[in-house]
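Summary of the model geometry
Now for the letters of each chain:
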Amino acid sequence: MEIHKYEKWWMIFGTGTLIVFLIILGVSAFHGGTHPNNSKWTINYENVDQIEPFNNPGLHKVEGKDWDYEVVLVAQAFAYNPTEIEIPVGSKVRFIATTKDVIHGLEVAGTNINMMLEPGYVSEKITTLDKAGTYTIVCNEYCGTGHALMYSTLKVVDNNDNN
Amino acid sequence: MTTTKETVQSTATSSLKKQLEFVDKKDGKLALAYIYVAFIAVFLGGTAGLLQVLVRSGKFELPSFLNYYQVLTVHGVLLGLVLTTFFIMGFQTAAVSRTSGTFTNKQRTIGWVGFWLATIGLVAAAAMVLTNQASVLYTFYAPLKAHWVFYLGLALVVVGSWITGLAQAMRFVQWRKEHKGQSTPLLSFMAVVNNLLWFIATLGVAIEVLFQLIPWSMGLVERVDVLLSRTLFWYFGHALVYFWLLPAYMVWYVVIPKVIGGKIFSESLAKLAFMLFLILSVPVGLHHQFTEPGIDPLWKFIQTVLTFFVVVPSLMTAFSMFATFEMRGRELGAKGVFGWFKKLPWSDSRFLLPFIGMVAFIPGGAGGIVNASYQMNELVHNTIWVTGHFHLTVATAVALTFFGTAFWLIPHLNGRKLTKRANSMANCAGILWAIGMTIMSSAMHIAGLLGAPRRSAYSEYGGSEQAAEWISYQITQAIGGSILFIAILVITGLIIYLGFFAPKGEEEFPVAEVAPGAEKVPAALENFKLWGIIMIAVIIFAYTIPIIDIIQNSPLGSIGYKLW
């Protein structure tokens, strides 16, 4: 099959660009550890309130782990528990979240903390909160009439400012 | 001087030619039936879209008998599923009849059976949505549970399209038997590839609906495996977009060159592009599930790679389009690097509307690469950026091509003319669309990057500063959306005019020829068995392990919820 010279150049350039993109993504994910939520932790979604750590939602300081804090979030139509979280800026945080009923989203708006919460599964994300500010946590997956009223607030605070 | 004998002969030749160039009236009726349903969907779905942007602007509230998510379900089902499937089935029926020949009575009857099944299914699903028993959006979202009739209705729409698609394939097979060893007509070949792609892709959603959602919504089983249902949906859900896109490519590859007076750049490359779409369109669905738990990162990444490779046939298409334009422009005496640009028939709606679509597909496709970029998806997943993205791809590249096609296809099929004034109105609609969509889609992209969620009614999120920022973009979206609605009114008016009031006459169904001296298409490209086997093999490779994994590790299934 004949392929025009310019078309060959175009295809080599185009496919080459795609391959470069893929290498950047692959190295960043598998070497740099920038994966999206891939948690395989499953639970009984009907007993979320009795199961650790969801029996105690909120912010927890932890010792001896790679991260400083754990945020345990429980979603249900149409609210998050807790409704407000305050974390010092620069903390490394592990978000652990699940749902008690239908599918919800958990998006810390304006950041790359963005996960689906599905019944029976726990979603996780480890990240460093390096920019102070007030972030709205929104449900970004349709869950019913009150979907747009479902939110929580994450305050990343600079303690030096407060002193 | 012409002798009588010669006159008779030339009349005979021209009537034979006429038979070849015109779609048979009976086939045309079937095609028109599909196309009219598609445009009823455009009008109603577009009205729903207008209501949505107005609600999200915060300046308007829906009457109490309407729920925002019900309106959103109407918009998604009518435009994502009905407009597309019905227009495609109508267009492809006409295209196969035009290029492979008139359907036999049996083939045409099969085509009609498909149409009525799909239409009955549509009415059943619509009844459920309108009575607020199915506000689950067209992506279903189990464990939200709709009335079982909604799922069954949509399944019938799909089954109907399989049956009409089968009629098209039968006509194509008949042509191949009658013309052994010849290259198949390009337009028919493309329609059959698209039907095969559609059939294999819809198997996923068919399994989800028939074996999971219907038994569960009827109460025969108590629980549903949510992650499995989503994975089956997205197995279908991304191939769906190629099912939308390929008919637009058919117009770009075959109709547009004829409209501008040129030839097909390369039939072989066009057929290769379609076969690449066939093998790569389905095994990419996990890229809609990057932020979901329970799926292995390795398989998410493998499908990222496959998604990137499905860009390749689009790159080929872009080259072919611009090569055709440049060659034709130079033939008309264009000078310099970009002189050919001025020689294109800008005032011809058959060209202008699809051309605007092509331009929109450049940022649309680039945005798609961002969405499919594994971890980068975290920034945009389920934000209104994604809505902005597919309003450039399906709602501009595909939709404007379909509109620009309908405006000549309807008069071709019912023996009327696309008049000069109708052509100008069509151009107006295209330009309004371009303006409205640029405003709306840009505002959606920016708001999405700032975190604004998609599929959400108006909300101030308790006075959040971030939400206040999103709302200013939502007002911009309402302006763009209102302009789009005006375009929809013009389009609806044109369809009614062309369908029932335009002057009688003959309108061409443009089908370009291959450039003289072009080499024969390699036989391997016509071998559906070969490409079909590769297609199945890639799908089995990309999906077997993730699906086994999901089933083996599945938690307790979910009962149904009706939260609207």
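Residues numbered from 1 in each chain as written. Chains lettered and ligands numbered in written order. Predicted model: local features only at pLDDT ≥ 70, side-chain atom pairs only at ≥ 80, totals over all residues.

Before going further, it helps to spend a moment on the overall build of chain A. A tally of helices and strands in chain A yields 2 helices and 10 strands. Shown N-terminal to C-terminal, the secondary structure of chain A runs as helices and strands in the order α-β-β-β-β-β-β-β-β-β-β-α. For chain A, the spread of C-alpha atoms along the principal axes amounts to about 65 × 40 × 30 Å. Taken over 163 residues, chain A has a buried fraction of 37%. (Helix = DSSP H or I, 4+ residues; strand = E, 2+ residues; numbered from the N terminus. Buried ≥ 20, exposed ≤ 12 C-beta atoms within 10 Å, placed from the backbone.)

On to the nonpolar core, then. Of all hydrophobic cores here, the largest spans 236 residues; its most connected members are Tyr34, Ala38, Ala41 and Met250 of chain B. Excluding its chain neighbours within four sequence positions, the residues that come into contact with Ala38 of chain B are Val82, Leu83, Phe86, Phe87 and Gly90 of chain B. (Core = buried A, V, L, I, M, F, W, Y, C linked by C-beta atoms within 7 Å. Contact = placed C-beta atoms within 7 Å.)

We now examine the interface of chain B and chain A. Chain B puts 58 residues into the contact, and the matching count from chain A is 57 residues. Broken down by element, the residue count for the side of chain B that touches chain A peaks at 5 residues, all from helix 10 (residues 297–309) of chain B.

Residue and element names in this part refer to chain B. Contact geometry of helix 7 (residues 226–237) with helix 17 (residues 528–552) gives a least axis separation of 9 Å together with a crossing angle of 160 degrees. It follows that helix 7 is roughly antiparallel to helix 17 by the angle criterion. You can see that helix 7 and helix 17 cross each other, and the crossing is left-handed. Residues Leu227, Leu228, Thr231 and Tyr235 of helix 7 pack against Tyr543, Pro546, Ile547, Ile550 and Ile551 of helix 17. By residue class, the composition of the contact of helix 7 with helix 17 is 8 nonpolar, 1 polar and no charged. (Axes fitted to C-alpha atoms, helices over the stretch in contact; angles between N-to-C directions. Parallel < 35°, antiparallel > 145°, perpendicular 65-115°, else oblique. Left-handed = near helix turned anticlockwise from the far one by under 90°. Nonpolar A, V, L, I, M, F, W, Y, C, P; charged D, E, K, R; others polar.)

Domains assigned within chain A are domain 1 (1–35) and domain 2 (45–162). Relative to domain 2 of chain A, the C-alpha centre of domain 1 of chain A lies at a distance of 36 Å. (Domains from an automatic or database assignment.)

As recorded in UniProt, the sites labelled "transmembrane region" (unreviewed entry) are residues 9–30 of chain A. Structurally, residues 9–30 of chain A is divided into 100% helix and 0% strand, and its ends, taken at the C-alpha atoms, are 31 Å apart. (UniProt positions renumbered as here; feature names shortened; annotations may be inferred.)

Residues and elements named next belong to chain B. Here helix 7 contains 12 residues, and its C-alpha end-to-end distance of 16 Å stays within 8% of the 16 Å for a straight helix at 1.5 Å per residue. The buried fraction of helix 7 amounts to 12 of the 12 residues, a majority that puts the element mostly inside the structure. On its buried face, helix 7 sits against helix 6 (186–217), helix 8 (239–259) and helix 17. (Expected span 1.5 Å × (residues − 1).)

Its location among the elements puts Met115 of chain A in strand 7 (residues 114–117). Taking the C-beta count within 10 Å as the criterion, Met115 of chain A has 31 such neighbours and is therefore assigned buried. Residues within four places of Met115 of chain A in sequence aside, it is in contact with Asn37, Ala97, Leu106, Ser123 and Lys125 of chain A together with Thr291 of chain B.

Cis geometry is found at the peptide bond from Asn81 of chain A to Pro82 of chain A, where omega equals 5 degrees. Positionally, Pro82 of chain A belongs in the loop between strand 3 (79–81) and strand 4 (84–88). Here the amide bond leading from Ala142 of chain B into Pro143 of chain B is cis, since omega sits at 15 degrees, within 30 degrees of zero. Looking at the secondary structure, you find Pro143 of chain B in the loop between helix 4 (105–130) and helix 5 (148–178).

With that out of the way, let us pick up the pairing of strand 9 (residues 133–138) of chain A. All names here are of chain A. With 2 bridges joining them, strand 6 (residues 104–108) and strand 9 adopt antiparallel strand pairing. Within strand 9, the residue paired with Val108 across the bridge is Ile137. Alignment of strand 9 against strand 10 (residues 151–157), held across 6 bridges, turns out to be antiparallel. Among the inter-strand pairings, Val138 is bridged to a residue of strand 10, identified as Tyr151. (Pairing = 2+ DSSP bridges.)

The next subject is the environment of Ala48 of chain B. All names here are of chain B. By the element assignment, Ala48 lies in helix 2 (residues 25–57). Here the alpha-carbon distance between Ala48 and Leu72, two residues 24 residues apart in the chain, equals 7.0 Å. Not counting residues up to four positions away in its chain, the partners in contact with Ala48 are Val71, Val74 and His75.

Here we take up the environment of Asn377 of chain B. Structurally, the position occupied by Asn377 of chain B is in helix 13 (residues 377–380). Looking at Asn377 of chain B, the number of C-beta atoms within 10 Å reads 23, which means it is buried. Spatially, the C-alpha atom of Asn377 of chain B lies 27 Å from that of Ser135 of chain B, the residues being 242 residues apart in sequence. Look past the residues within four positions of Asn377 of chain B in its chain and what remains in contact with it is Pro36 of chain A together with Phe290, Thr291 and Asn371 of chain B.

Right, let's talk about the sheet that holds strand 10 of chain A for a bit. All names here are of chain A. In spatial order, the strands read 4-10-9-6-7; together these 5 strands make up an open sheet with mixed pairing. Single-partner strands in this sheet number two, and they are strand 4 and strand 7. Averaged over neighbouring strand pairs, the angle between their axes works out to 20 degrees when direction is ignored. Note: strand 6 against strand 7, 4 bridges, orientation antiparallel. Among the inter-strand pairings, His104 is bridged to a residue of strand 7, identified as Leu117.

This next bit is on the confidence of the model for chain B. In the predicted model, chain B carries a mean pLDDT of 94, and the fraction of residues at 70 or more is 96%. On the interface metric, ipTM, the complex scores 0.95, and its pTM is 0.95. (pLDDT = per-residue confidence, 0-100.)

This brings us to the packing of helix 8 of chain B against helix 11 (residues 312–331) of chain B. Residues and elements named next belong to chain B. Closest axis-to-axis distance for the helix 8/helix 11 pair is 11 Å, and the angle between their directions is 15 degrees. It follows from the interaxial angle that helix 8 and helix 11 lie roughly parallel. For the crossing formed where helix 8 meets helix 11, the hand is left-handed. Every residue of helix 11 that contacts helix 8 at Tyr249, Trp252, Tyr253 and Pro257 is listed here: Thr317, Ser320, Met321 and Thr324. The class makeup of the residues in the contact of helix 8 with helix 11 is 5 nonpolar, 3 polar and no charged.

Turning our attention to helix 17 of chain B. Residue and element names in this part refer to chain B. The end-to-end C-alpha distance of helix 17 is 35 Å, a good match for the 36 Å that 25 residues give at a rise of 1.5 Å each. Residue Tyr543 marks the point of greatest curvature in helix 17, where the axis turns by about 35 degrees; the proline Pro546 follows within four residues. By the burial criterion, the buried members of helix 17 are Phe528, Trp531, Met535, Ile539, Ala542, Tyr543 and Pro546. Residues of helix 17 that are buried in the fold lie against helix 6, helix 7, helix 9 (267–280) and helix 10. (Bend = angle between axes of the 7 residues up to and from the residue.)

Across chain A, the average pLDDT comes to 94, with 98% of residues at or above 70. Here helix 2 (residues 159–162) of chain A is the element of chain A with the lowest mean pLDDT, 62, and strand 2 (residues 69–76) of chain A is the one with the highest, 98.

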